[in-house]
Amino acid sequence: MRLIIHENHEAASRWAAHYIAGRITARQKNDKPFVLGLPTGSSPLEIYRELINMHKEGKISFANVHTFNMDEYVGLSADHPQSYHHFMMENFFNHIDIDRRHIHILDGMAKDTEKECRLYEEAITAEGGIELFLGGMGSDGHIAFNEPGSSLRSRTRIKNLTEETKIANARFFGGDISKVPSTALTVGVGTVMDAREVLIIVSGRSKARALQAVVEEGLNHMWTLSCLQMHPKAIIVCDEDATEELRVRTVRYFKDIEKETIGVYHRETGGER
Ligand code: GLP
């Protein structure tokens with residue numbers, strides 16, 4: 001696992017956006033679709049903004065990109081303002097040249113949730129698997145909605161949300177926890193692990209304890225993102241605040257081995273703005 005530490009959230013997001021854009025553009029040369037896994041939440045918002053800006057500046061096209069979102073609340077229709085469908089359209093898809101037929105998001109209104117989840121996995125397989133899965137992390141170390149205790153081999157399924165997650169997400173529901181759905185459809189840890197590459201953005205002190213567990217402690221279903229320790233190509237990009245609970249030695253180690261990566265990026269983009 002690589003850990004790339006930036007000064008602040010904006011810098012980490014810009015780096016991640018440029019990294020994703022580079023991967024998509026490289027694929028365009030051979031005409032094959034680029035299959036991208038995507039998250040919601042506040043963590044990726046700045047990445048989406050930067051990708052939209054790059055698109056508006058003519059630096060990137062999403063015409064060959066096919067997407068699979070991580071999760072969706074059960075019981076919220078696509079046009080519900082708090083649904084992840086709505087979130088993705090508002091914050092990303094409406095502003096880029098992606099073909100709407102290439103967007104996949106789990107249907108939170110599906111009557112047969114088991115079938116919906118099975119078909120989602122089949123659709124991912126039919127597209128040749130996910131090339132790059134972008135994700136965030138919950139403050140309890142969860143990935144997508146794989147709450148603590150989730151099987152590290154889990155596939156797409158329905159999950160109960162923990163109190164901690166509902167409290168954290170109540171801010172999107174006017175602060176009213178009773179409005180946050182109690183269940184969600186989510187890709188499994190195994191689904192994320194099958195992606196050829198995983199890129200996670202982590203910011204802020206509220207994620208520091210979880211980041212410490214994921215990076216410095218062992219593989220553990222109580223911090224489901226620790227699965228990345230078993231992934232052959234995983235990157236966590238974070239800000240300084242998120243590293244607060246890591247050992248000084250760990251931070252120095254990763255800064256040292258990634259200094260060339262960050263140096264090249266600064267040279268190519270003209271440095272942090
Ligand atoms: C939810 C989402 C996750 C996301 C997490 C953190 O639980 N299902 O995909 O990573 O929230 O959200 P935020 O980025 O707002 O901190």
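See above for the structure.
Residues numbered from 1 in each chain as written. Predicted model: local features only at pLDDT ≥ 70, side-chain atom pairs only at ≥ 80, totals over all residues. Heavy atoms only, no water.

## Concerning the site of the ligand
In the vicinity of the ligand lie 13 residues, with Ser42, Ser43, His142, Arg171 and Lys207 positioned nearest. Interatomic distance of 3.3 Å between a backbone N/O atom of Met137 and an oxygen atom of the ligand. In the environment of the ligand, an oxygen atom lies 2.8 Å from a nitrogen or oxygen atom belonging to the side chain of Lys207. With the chains in place, 94% of the 390 Å² that the ligand exposes on its own is no longer accessible. Among the residues making up the shell around the ligand, the classes are represented as four nonpolar, six polar and three charged. (Near = heavy atom within 4 Å. Polar contact = N/O pair within 3.5 Å; in protein donor to acceptor, adjacent residues only side chain to side chain. Areas by Shrake-Rupley, 256 points an atom, 1.4 Å probe, with all protein chains shown as cover. Nonpolar A, V, L, I, M, F, W, Y, C, P; charged D, E, K, R; others polar.)

## Considerations on the sheet that holds strand E5 (residues 103–104)
Remark on secondary structure: sheet strands pair via backbone hydrogen bonds, oriented parallel or antiparallel. Spatial strand order, E1-E10-E9-E6-E2-E3-E5: seven strands in an open sheet with parallel pairing. Two strands bound the open sheet, and with one partner strand each, they are strand E1 (2–6) and E5. (Pairing = 2+ DSSP bridges. Helix = DSSP H or I, 4+ residues; strand = E, 2+ residues; numbered from the N terminus.)

## Observations concerning the side chain of Arg27
Within the secondary structure, Arg27 sits in helix H1 (residues 9–28). The class of Arg27 is buried, set by a relative accessible area of 14%. Not counting chain neighbours up to four residues away, the residues in contact with Arg27 comprise Lys32, Pro33, Phe34, Asn64 and Glu131. (Buried < 20%, exposed > 50% of the residue type's maximum accessible area, 1.4 Å probe, protein only. Contact = heavy atoms within 4.5 Å.)

## Re the sheet that holds strand E7 (residues 157–160)
The sheet built from three strands is open, its strands ordered E4-E8-E7 with antiparallel pairing. Since the sheet does not close on itself, it has two edges, and those belong to strand E4 (71–73) and E7, each with one partner. Averaged over all pairs of adjacent strands, the angle between strand axes in this sheet comes to 30 degrees, irrespective of strand direction. (Axes fitted to C-alpha atoms, helices over the stretch in contact; angles between N-to-C directions.)

## Here we look at the packing of aromatic side chains
Using the criterion set out here, one finds ten aromatic pairs in the structure. Taken together, a centroid distance of 4.8 Å and an interplanar angle of 45 degrees make the contact between Tyr73 and Tyr84 tilted. You can see Tyr73 sitting in strand E4 and its partner Tyr84 sitting in helix H3 (residues 84–91), a full eleven residues away along the chain. Residue Tyr73 is classed as buried on the basis of its relative accessible area, which comes to 1%. Between Phe92 and Phe93 the ring centres are 5.7 Å apart and the planes differ by 35 degrees, which places this aromatic pair in the tilted class. There is no split in this pair, since Phe92 and Phe93 are both buried. (Phe/Tyr/Trp six-rings, centres within 6.5 Å; stacked < 30°, edge-to-face > 60°.)

## Some thoughts on the pairing of strand E8 (residues 183–186)
Burial along E8 is two-sided: the face carrying Thr183 and Leu185 and the face carrying Ala184 and Thr186 are both buried. Bridge count for E4 against E8 is three bridges, and the pairing is antiparallel. Residue pairing for E8: Tyr73 is matched across the bridge by Ala184. In the sheet, E7 pairs with E8 via four bridges, with the strands oriented antiparallel.

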